[in-house]
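# Fold and geometry: a report
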Amino acid sequence: MAGSYTKKEFGVGSEEQTLLKDSNGTRIVPAKGCIKPSYKTFRVHIPTGTEPVRLSPGWEGTGRPDDELNFKGITMDQADLELNPPRDRLNIVFLIMVLHGIGALMPWNMFITAKKYFVDYKLSKDYTGIETDFDKNFLSYLAFAAQIPNLLFNWLNIFIQFGGNLTTRIVWGIFIQVLIFVCTVILAMTDSSGWPGVFFWITMVSVVILNTANGIYQNSVFGMVAKLPTKYTGAIILGTNLSGTFTAVINFIADYMSPNARTAAIYYFITALFVLLACFDTYFALPINRFYRYCELLHQKGLNKRQLENKGKANPDSVPYWKIFTQCFPQCFNIFFVFFVTLSLFPSVQSDIQRSDPNFIVSPNYYTSIMCFLTFNITALIGSSIASMGQWPSKKYLVIPVVLRVLFIPLFLMCNYRPKGLTRLLPVYIHNDWVYFVIAVTMGVSSGYYSSLAMMYCPRMVDPDYASTAGMFGAASLITGIFTGILFGTVMPSIIENLSF
């Protein structure tokens, strides 16, 4: 019998019993003066001021369907998970998602950070012996070769299941990236001084293939994590922000420990191989984790419930993409606009801001490295970490601070921004390096925080059954923001060159 009991008469007689609850459970104690309890009449009594006794229902009293109560289609492991919901012990699943966030942006960060290897070594006149335009335009070619296939396949992956389900897409996406990095290491070991043009185009083709696989992998990872609680989507964003810092540190260590650029590049790209292999192994380790299995069980039950509700309807398995997109569009816009503003300024504008005060604490040799790359990567990481601890503002009002971030564009242009080879007509209004540092910190923290917040909210804007698809829309919006931000960043030099007040 389930429920809460208070003082109640069940019969009248000289014999009574009192139902008490002690530290060991519930027991029946004969009332004072009663020699032999009667099973015909008894009184249930709770002393005044004590908590009512609650008898926990058994498996039969949980209100589940008869098939489920009889364990039809349910394993004992699934029943145990539901009766004893597990926790993410030691935050293992959270850390795995951080690792996949690092791996999701690893290809882009690896090739961008390796500019010195490509431009100053493999494609330089000192190495090849001839003058080419490959080194001058390398970053421009790289940006288009990387972001166009990444953007295209991020969107296509939502509607077309390349290779099958999420597991197949993630596994093949990582595997192809591993193969491309193996080829990149082999090219680093090879003397290409006699064929710089062939080396350049092989690199561009490998970047296209690499980012095609990465686009599918990245989008699928956000679809996978949408099945988990909100903070695990934040873990992916935390990893993407950590990826830039991690790559910069690895590049510095490789340069410091290696005798030449060739050896440094080999160490550098081999590190990317280890990170991707770690992503590969940990993905297969996830089903072993009880907490991950429990989250997948809840997600699958939601899908099964919806299938039963839609039974008899036309095309019950069809996914209402337009409905999902319209429901999660506010957060997709937030994701897009955060990355649009950020990539319009970092690193294209921020890396060309020069020191104004000759006595500033940071020397000119390290000014860009510290005030641009290190500052942004660390502050974006801090912003993502804050989002994992608390979420404000709410889904409805997040768009307000996101749109206000557009003010960072004129603020950065007012600093001592001086692209090489251009004459600045726009006056410099911000001459204080500390003021510029505060602006840079605010931009980095807000980028990490609001991007994480929007990515967390996005899957929660739709029914749980469609959370994975909403997560994919969010990931595609992220890449769209990055791509359009990079394109818009190319306009900044023209603004300060032709605009004056």
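Everything that follows concerns the structure shown earlier in this document.
Definitions and limits used
- Residues numbered from 1 in each chain as written.
- Predicted model: local features only at pLDDT ≥ 70, side-chain atom pairs only at ≥ 80, totals over all residues.
- Heavy atoms only, no water.
- Helix = DSSP H or I, 4+ residues; strand = E, 2+ residues; numbered from the N terminus.
- Areas by Shrake-Rupley, 256 points an atom, 1.4 Å probe, with all protein chains shown as cover.
- Contact = heavy atoms within 4.5 Å.
- Core = buried A, V, L, I, M, F, W, Y, C linked by side-chain atoms within 4.5 Å.
- Buried < 20%, exposed > 50% of the residue type's maximum accessible area, 1.4 Å probe, protein only.
- Patch = residues over 30% accessible without salt bridge, like charges linked within 9 Å, V, L, I, M, F, W, Y side chains within 5 Å.
- Salt bridge = Lys/Arg side-chain N within 4 Å of Asp/Glu carboxyl O.
- Expected span 1.5 Å × (residues − 1).
- Polar contact = N/O pair within 3.5 Å; in protein donor to acceptor, adjacent residues only side chain to side chain.
- 1 Å grid on protein atoms, 1.4 Å probe; cavity = no way out; pocket = protein on both sides within 12 Å on 5 of 7 lines; lining within 4 Å.
- Points joined across faces, edges and corners; volume = space filled by probe spheres on them.
- Nonpolar A, V, L, I, M, F, W, Y, C, P; charged D, E, K, R; others polar.
- Phe/Tyr/Trp six-rings, centres within 6.5 Å; stacked < 30°, edge-to-face > 60°.
- Lys NZ or Arg CZ within 6 Å of the ring centre and 35° of its normal.
- Axes fitted to C-alpha atoms, helices over the stretch in contact; angles between N-to-C directions.
- Left-handed = near helix turned anticlockwise from the far one by under 90°.

### Let's talk about the overall build of the protein
Helix and strand counts for the protein stand at 19 helices and 6 strands. As presented, the protein carries roughly 25400 Å² of accessible surface, and 64% of it is formed by carbon and sulfur atoms.

### Describing the environment of Leu142
With respect to the helices and strands, Leu142 occurs in helix 7 (residues 138-159). Remark: the alpha-carbon pair of Leu142 and Phe111, spanning 31 residues in sequence, is separated by 8.1 Å. The residues contacting Leu142, other than those within four sequence positions of it, are Trp108, Phe111, Ile112, Met204 and Val207.

### Focus on the nonpolar core
Met97, Tyr117, Phe181, Met224, Phe269 and Phe412 are the most contacted members of the largest nonpolar core, which has 127 residues in total. Tallying contributions element by element places helix 13 (residues 321-345) first for this core, with 12 residues. Every residue in contact with Tyr117, bar those within four places of it in the chain, is listed here: Lys122, Leu187, Ala188, Phe199, Ala261, Ala265 and Phe269.

### Some points on a nonpolar patch on the surface
A contiguous nonpolar surface patch, about 840 Å² in accessible area, is contributed by Tyr397, Val399, Ile400, Val403, Leu404, Val406, Leu407, Leu411, Met414 and Tyr429. The set of elements that each furnish at least two residues to the nonpolar patch consists of helix 15 (399-404) and helix 16 (408-414). Counting residues per element, the nonpolar patch draws most heavily on helix 15, which supplies 4 residues. Relative to the assigned elements, Ile400 resides in helix 15. Residue class for Ile400 comes out partly exposed when judged on its relative accessible area of 49%.

### Things to note about the pattern of salt bridges
In the structure shown here, the tally under the stated rule is 1 salt bridge. As a salt-bridge pair, Lys227 and Glu296 come within 3.6 Å of each other at their nearest N and O atoms. Taken as a pair, Lys227 in the loop between helix 9 (196-225) and helix 10 (230-257) and Glu296 in helix 12 (residues 290-309) lie far apart in primary sequence, 69 residues in all. We classify Lys227 as partly exposed; its relative accessible area is 24%. Residue Glu296 is classed as partly exposed on the basis of its relative accessible area of 30%.

### With respect to helix 11 (residues 261-285)
Helix length check: helix 11, at 25 residues, gives a terminal C-alpha distance of 36 Å against a target of 36 Å (1.5 Å per residue), a fit within 8%. The backbone nitrogen of Arg262 lies 3.2 Å from a side-chain oxygen of the residue at the head of helix 11, namely Asn260.

### So, empty space enclosed by the protein
All told, the structure shown has 1 cavity of 30 Å³ or more when counted by the stated rule. Put simply, the largest cavity is a space of about 40 Å³. Residues that form the lining of the largest cavity fall into these classes: 5 nonpolar, 3 polar and no charged.

### Overview of the packing of aromatic side chains
The full count for this structure, using the stated rule, is 39 aromatic pairs. With a centroid separation of 4.8 Å and 25° between ring planes, the pair formed by Phe118 and Phe138 is classed as stacked. With Phe118 in helix 5 (residues 115-122) and Phe138 in helix 7, this pair connects stretches of sequence that are 20 residues apart. The same class applies to Phe118 and to Phe138, which are both buried. For Lys122, the ring lying beneath its charged end belongs to Phe199, and the centroid distance is 5.1 Å.

### Focus on the packing of helix 10 against helix 11
The contact between helix 10 and helix 11 brings their axes to 8 Å, and the two run at 145°. The handedness of the crossing between helix 10 and helix 11 is right-handed. Listed contacts from helix 11 to Phe246, Thr247, Ile250, Asn251, Ala254 and Asp255 of helix 10 are Ala264, Tyr267, Tyr268, Thr271 and Val275. Its residues assigned to classes, the contact of helix 10 with helix 11 shows 7 nonpolar, 3 polar and 1 charged.

### Considerations on the side chain of Gln147
Summarising the element assignment, Gln147 is placed in helix 7. Those residues in contact with Gln147, other than ones at most four positions away along the chain, are Trp108, Ile479, Ile482, Phe483 and Ile486.

### Some points on the environment of Phe329
Positionally, Phe329 belongs in helix 13. Residues Phe329 and Ser477 lie 148 residues apart in sequence; the distance between their C-alpha atoms is 9.5 Å.

### A look at unusual backbone geometry
A cis geometry characterises the amide bond from Phe346 onward to Pro347, with omega recorded as 0°. Turning to its location among the elements, Pro347 is positioned in the loop between helix 13 and helix 14 (364-389). With an omega dihedral of 0°, the bond running from Trp392 to Pro393 counts as a cis peptide bond. As for its placement among the helices and strands, Pro393 is situated in the loop between helix 14 and helix 15. Positive phi, close to 60°, is recorded for Leu90, a residue that is not glycine. Inspection of the secondary structure assignment puts Leu90 in the loop between helix 2 (76-83) and helix 3 (92-104). Looking at Leu90, the relative accessible area reads 75%, which means it is exposed. For Asn91, which is not glycine, the phi dihedral falls at a positive 55°. Tracing the sequence through the fold places Asn91 in the loop between helix 2 and helix 3.

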